[in-house]
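Coordinate analysis (summary)
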Amino acid sequence: MFKTFILIFSLFSFSLSAEIVKRIELNGSDRISLETIKVYGEIEIGKDYSSFDINKITKNLFETNFFEDINITLTNGTLVVSVKEYAIINFIDLKGEKSETVKSGILKRLLLKTKGTFIESRLSQDINLIKKLYASVGFNFAKVEAKIEKFDDNRINLIYFLEKGKKTYIEKINFIGDKKIKDKRLRDVIVSEENKFWKFLSKNTSYNNNNIELDKRLLTNYYKSNGYYDVQVLSSSAQVSSLANSTTLTYTINAGNRYRVNKISTNVSDVIDKKLFIPLQDSFKKVIGQYYSPFSVKKLLDELDLLIANNDLQFIEHSVNEILDDDTIEIKINIFEGQKKLVEKINIKGNTVTDESVIRAELLLDEGDPFSELKLDQSIAKLKARNIFGEIEKKITNGENKDQKIIEINVEEKPTGEISAGAGIGTNGGSVEFIVSENNWLGKGIYLGTSLNLSADSMSGGFTITDPNYKYTGNSLNYFINTSANDSDTAGHKNSLTTTGIGTRFEQYNNIYISPSIAFTHDNLQVDSTASDSLKKQDGTFTDLSFSYGVSLDNRDRVYAPTDGYISTFNQSVPIVANSPFIKNSYSLSTYHLFSEDAVGSFKFYTAAINSLDESDIRLSKRLNIGSTKLRGFEAGKVGPKDGKDFIGGNYAMTTNFDLSLPNLLPESTKTDVGLFIDFGNLWHVDYDNKLDDSNKIRSSAGVTTSWLSPVGPMSFIFSRNLAKANTDITEGFNFRLGTTF
């Protein structure tokens, strides 16, 4: 308010006539030089300055955040700049917080910095920020007080006294109202979790408003993607007390009607060539008759944006009208010429940790581009999808000229690291997994992840670095190193495998993704006296450098729990340099169909082949195996060709799965989902010994799957009956697994 007063006062105090600046006089500045004032104020000797120009100088100098007060006069050719500097912060201390990691995280996010200027208005903002940071990990009643120690030469020490109090945990999560979807599925959608003894590492079991708001958005999007257009997540209530350390979280949901799309049309302005948008009709036909989904509408708008870009149409915008009629919905896409305004400037604020370049790389608008509020909204959505910020707000103001706009984007930093663990026990033994990840390493927007998985006879782990927008190309680049070791008491060999490489993934065409990579592999096989002569020939260490690529067409209605569409993927690996060169091909297809609200079907097909490119044999670690999820009713790794006691995998593999999910078969109180399946599979051929049985036989099984949210964690059961098998296969009529993340 005071700054506004100064600017208005300057406007009326000086003559509107221009006067030439012959000399500049600076008063009140101990740290800032006259040359710095001239640079930041954009002041030039010998130039005419009016009262409006002096007003702009004042504005420029205030924006430096160096000065608490500024007064400028121009008399007889002398420009007198009188300033009062902000105090300098010697250091900032956090009393009451023992963790150095937490302290470092807080200091990074504060607006006030050591060796920076002390702006009193930012002090209250930082106090609120510290409280928000504590609340984000469950400390909802943190107390924060600040003390300022003043010294000579306009310097201060800033001390925060912190008392974080007790952490508030979520004891129970309830979903009430006309929700039409089972609690079990809704729990999978939200991020908040009930506090259980096995979730001691999860940060989502603590109560915080950010997660609750995220839950509400996730629930709304999930319902809408299932056709519930007018869903309302009416409230999320929780009783939180500073005396208690637990609360019950309740979401009230009104699902409303479920709508199908009955018509899609375009309303094109007369100034635009309507023929340009005829290609959209084919995409419209695929959506008509399906349940409404905002993701389907977004895909249509993405195609529209591509047409606009390919035809170099400037200032063209679009909007969508969705018209409800009984249980159907009509989608009308309006295409029109928008206001001819340009982006003058984009200001990024609040990014105390994240580099500004990370934020700007996600923007679909740049300074000098035609202004489009639609592209601005899409840019904000892309920033939210990065999951490295809490709140993101936009502000649009007029620029210096009437045909220009200034965009201000305010972001709120949030903790981006996570530690999780998982454990499971079942008929095939137990396993433990640990995962540590960071989504915004060094504020560069880079993902770091490391994992470790341990079981009775194997160990595997990996480390991954992913830059989701490498050199601002819009393509991801990832570096990885993975290692695994198998040492079974019943096998006649030990095998360790280490792979490191680099890869990328990008969308080449609409819904078509390409993923090339290069990897170096070190393979060490040790055999004992019980191994066959053929396996003993493979004893030793081998290396190879290979190139792989994948092509994927993803036309699913959504990634999580799809009910329509398909995903088709082809992968190939070829050697660059290898001791035992090989070529590997694989193809998979998954399709989904919603028969009714009570039945969702899926068909999955997978085939793979690996062959030598010279006279050498395919290494044991490279041979194909069929996972337990692709061929149920058989023990994991106990299908296909055998060499003595060892199951050695095959050169060829193929599976087919028919699944029918029955989400509403059992009452919701049972917290159980049921499904039916029929699996077919084959794993055959041994290239290194023609005396061994190829095991070329179609295996099949049928059965029932159940998933139960038990008091001790989620449990899955598979009851299966073998229909056909090879003599050497080991079948499994019952399988269970108890597993969860901590």
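Throughout this document, residue positions are counted from 1 along each chain, in the order its sequence is written. Only residues with pLDDT of at least 70 are given local features in this predicted model, and only at 80 or more are side-chain atom pairs given and counted; all residues enter the totals for whole chains, interfaces and linings. Each side-chain value is derived from all of the structure's non-hydrogen atoms; neither hydrogens nor water enter the calculation.

1. Considerations on the environment of I159
Only runs of H or I of at least four residues qualify as helices and only runs of E of at least two qualify as strands under DSSP, and these elements are numbered from the N terminus. Tracing the chain through its elements places I159 in strand β9 (residues 155–163). Partly exposed residues are those whose accessible area sits between 20% and 50% of the maximum for their type, while under 20% is buried and over 50% is exposed, using a 1.4 Å probe and protein chains only. Judged by its relative accessible area of 8%, I159 is buried. Taking the C-alpha atoms as reference points, I159 and A146, separated by 13 residues in sequence, lie 5.7 Å from one another. Contacts were defined at the residue level, with two residues in contact if any of their heavy atoms lie within 4.5 Å. Dropping the residues within four chain positions of it, I159 is found in contact with D93, K95, E145, A146, K147 and E149.

2. Describing the sheet that holds strand β2 (residues 23–27)
A pair of strands is treated as paired once DSSP finds two or more bridges between them. Judged by pairing direction, the sheet is mixed, and its three strands sit side by side in the order β2-β5-β4 without closing on themselves. Looking at the sheet topology across the chains shown, the edges are occupied by β2 and β4 (67–75). Averaged over all adjacent pairs, the angle separating strand axes in this sheet is 15°, with direction ignored. Pairing between β4 and strand β5 (residues 78–85): eight bridges, direction antiparallel. What sits directly across from D69, in β5, is K84. Orientation is described by axes fitted as lines to C-alpha atoms, over the contacting stretch for helices, and by angles from 0 to 180 degrees between their N-to-C directions. Contacts between helix α2 (residues 34–41) and the sheet are confined to β2, β4 and β5, with β2 contributing the most and set at about 110° to the helix.

3. Section: the pattern of salt bridges
Salt bridge criterion: a side-chain nitrogen from Lys or Arg within 4 Å of a carboxyl oxygen from Asp or Glu. Under the definition given, this model contains 35 salt bridges. Residues K164 and E97 are paired through a salt bridge, measuring 3.7 Å at the closest nitrogen-oxygen approach. With K164 in the loop between β9 and β10 (169–176) and E97 in the loop between β6 (87–95) and α4 (100–109), this pair connects stretches of sequence that are 67 residues apart. Measuring nitrogen to oxygen at the nearest pair gives 3.4 Å for the salt bridge that ties K622 to D544. With K622 in the loop between β30 (599–612) and β31 (642–643) and D544 in strand β27 (residues 540–554), the pair connects residues that are 78 residues apart, well separated along the chain. The exposure classification of K622 matches that of D544, with both residues buried.

4. Some details on the side chain of D215
Position of D215 relative to the elements: it lies in helix α7 (residues 209–225). All tallies of charge rest on Lys and Arg as positive and Asp and Glu as negative; His and the ends of each chain are not included. Buried and without a salt bridge, D215 has R217 as its closest oppositely charged side chain, separated by 8.8 Å. A polar contact of 2.9 Å, which involves the side chain of D215, links it to the backbone nitrogen of V191. For the purposes of these results, a polar contact is taken to be a pair of N or O atoms within 3.5 Å, where, inside protein, one atom must be able to donate a hydrogen and its partner to accept one; residues adjacent in sequence count only when each atom of the pair is a side-chain atom.

5. Re the packing of α2 against helix α3 (residues 51–62)
Direction vectors running N to C along α2 and α3 enclose 110°, while the axes themselves pass 8 Å from each other. In terms of their interaxial angle, α2 and α3 are classed as roughly perpendicular. Listed contacts from α3 to I37, Y40 and G41 of α2 are I57, N60 and L61. Split into classes, the residues belonging to the contact of α2 with α3 amount to four nonpolar, two polar and no charged. By definition in this entry, angles of less than 35 degrees are roughly parallel, angles greater than 145 are roughly antiparallel, angles of 65 to 115 are roughly perpendicular, and the rest are oblique. In this classification, the charged set is Asp, Glu, Lys and Arg, the nonpolar set is Ala, Val, Leu, Ile, Met, Phe, Trp, Tyr, Cys and Pro, and all remaining amino acids, among them Gly, are polar.

6. Let's talk about the sheet that holds β6
Ordered in space as β7-β6-β9-β8, the four strands form an open sheet in which the pairing is mixed. The open sheet has two edge strands, β7 (117–118) and β8 (143–151), and neither has a second partner. Helix α5 (residues 120–135) contacts β7, β8 and β9 of the sheet and is inclined by roughly 25° relative to β9.

7. Some points on the confidence of the model for the protein chain
Here pLDDT means the predictor's own confidence in every residue, given as a number from 0 to 100. Taken as a whole, the protein chain shows an average pLDDT of 86; of its residues, 93% reach a score of 70 or greater. When pLDDT is averaged over each element of the protein chain, strand β33 (residues 652–662) comes out on top at 95 and helix α1 (residues 2–13) at the bottom at 46. In this model, residues 1–16 is a region of pLDDT below 50 whose contacts with residues beyond four sequence positions or in other chains number 24 contacts.

8. Concerning the pairing of strand β22 (residues 458–467)
In this structure, strand β21 (residues 446–455) lies alongside β22, joined through eight bridges in antiparallel fashion. The partner of L454 across the bridge, within β22, is M459. Bridge count between β22 and strand β23 (residues 476–486): ten bridges; the pairing is antiparallel. When the bridges of β23 are listed, S460 appears paired with S484.

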